[in-house]
Amino acid sequence: FKRFLSLLSKEAACDVLEWSFMQDLTNDGNAVLCLDMDGGALFNDGSPHQNMQYKEAWSLNKYATRDIQKGEEITEKYDKFTKTEIDL
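Sequence order as written defines residue numbering, which begins from 1 separately in each chain. Note on the predicted model: pLDDT of at least 70 is required for a residue's local features to be given, and 80 or more for side-chain atom pairs to be given and counted; whole-chain, interface and lining totals, by contrast, use all residues. With hydrogens and water excluded, all non-hydrogen atoms of the structure serve as input to the side-chain values.

### A word on a nonpolar patch on the surface
Taken together, F1, F4, L17, M22, L33 and L35 make up a surface patch of nonpolar side chains, about 590 Å² in accessible area. Numbered from the N terminus, helices here are DSSP runs of H or I no shorter than four residues, and strands are runs of E no shorter than two. Along the chain, the position of F4 falls in helix α1 (residues 2-6). Within the patch definition used here, like charges are joined within 9 Å and nonpolar side chains (Val, Leu, Ile, Met, Phe, Trp, Tyr) within 5 Å, considering only residues with over 30% relative accessible area and no salt bridge. In these tables, accessible area is a Shrake-Rupley quantity obtained with a 1.4 Å probe, and a residue counts as shielded only by the protein chains included in the view. In what follows, salt bridge is the name for a side-chain nitrogen of Lys or Arg lying within 4 Å of a carboxyl oxygen of Asp or Glu.

### Brief notes about the packing of aromatic side chains
Two rings belonging to Phe, Tyr or Trp (six-membered ring only in the last case) form a pair when the distance between their centres is within 6.5 Å. Interplanar angles under 30 degrees mark stacking, angles over 60 mark edge-to-face geometry, and anything in between is tilted. The final tally for this structure, using the stated rule, is one aromatic pair. Here the aromatic rings of F1 and F4 are separated by 6.4 Å at their centres, their planes lie at 35°, and the arrangement is tilted.

### Things to note about the side chain of N51
Mapped onto the elements, N51 comes out in the loop between β3 (44-45) and β4 (52-54). Summary of the burial criterion: residues with accessible area below 20% of their type's maximum are buried, those above 50% are exposed, and those between are partly exposed, where the area comes from a 1.4 Å probe applied to protein chains only. Given a relative accessible area of 0%, N51 falls into the buried group. A 3.5 Å cut-off defines polar contacts: any pair of N or O atoms within that distance qualifies, except that in protein one atom must be a possible hydrogen donor and the other a possible acceptor, and neighbouring residues in sequence count only when both atoms are side-chain atoms. A distance of 3.2 Å separates a polar atom in the side chain of N51 from a polar atom in the side chain of E72. Side-chain polar atoms of N51 contact the backbone nitrogen of T75, separated by 2.9 Å. Residues within four places of N51 in sequence aside, it is in contact with Y63, A64, T65, R66, I68, E72, E73, I74 and T75. Residue contacts are counted whenever heavy atoms from the two residues lie within 4.5 Å of one another.

### A closer look at the environment of A13
Within the fold, A13 resides in helix α2 (residues 10-18). A sequence separation of 11 residues divides A13 from K2, and the C-alpha atoms of the two residues are 9.8 Å apart. For A13, the contacting residues outside a window of four places in its chain are L5 and L8.

### A short note on the environment of A64
With respect to the helices, strands and loops of the structure, A64 is situated in strand β5 (residues 62-64). Between the alpha carbons of A64 and Q53 there is a distance of 6.5 Å; along the sequence they are 11 residues apart. Aside from chain neighbours lying at most four places away, what touches A64 is N51 and M52.

### Quick look at unusual backbone geometry
Even without a glycine there, the phi angle at N27 is positive, about 55°. Along the chain, the position of N27 falls in the loop between β1 (20-23) and β2 (32-35). For N27, a relative accessible area of 60% corresponds to the exposed category.

Spelled out as structure tokens, the structure:
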């Protein structure tokens, strides 16, 4: 991981560190290092009143669920992603 970070620009390495976290994905007590750099990492959770959705599961194609006002934050629904959808 350290070598991977060293190959990135300082800005990209900072982003990777900001979006890295430890999680027990299999409930066996062993946490793994996860990195959330998909398109969803760019949006905050707006549940239950998010204003953006994906056209289909694991697609980067998104659409507005309603008119979004100028200056309004674009949000998604985080709980749409479940452990069963994670490609291990």
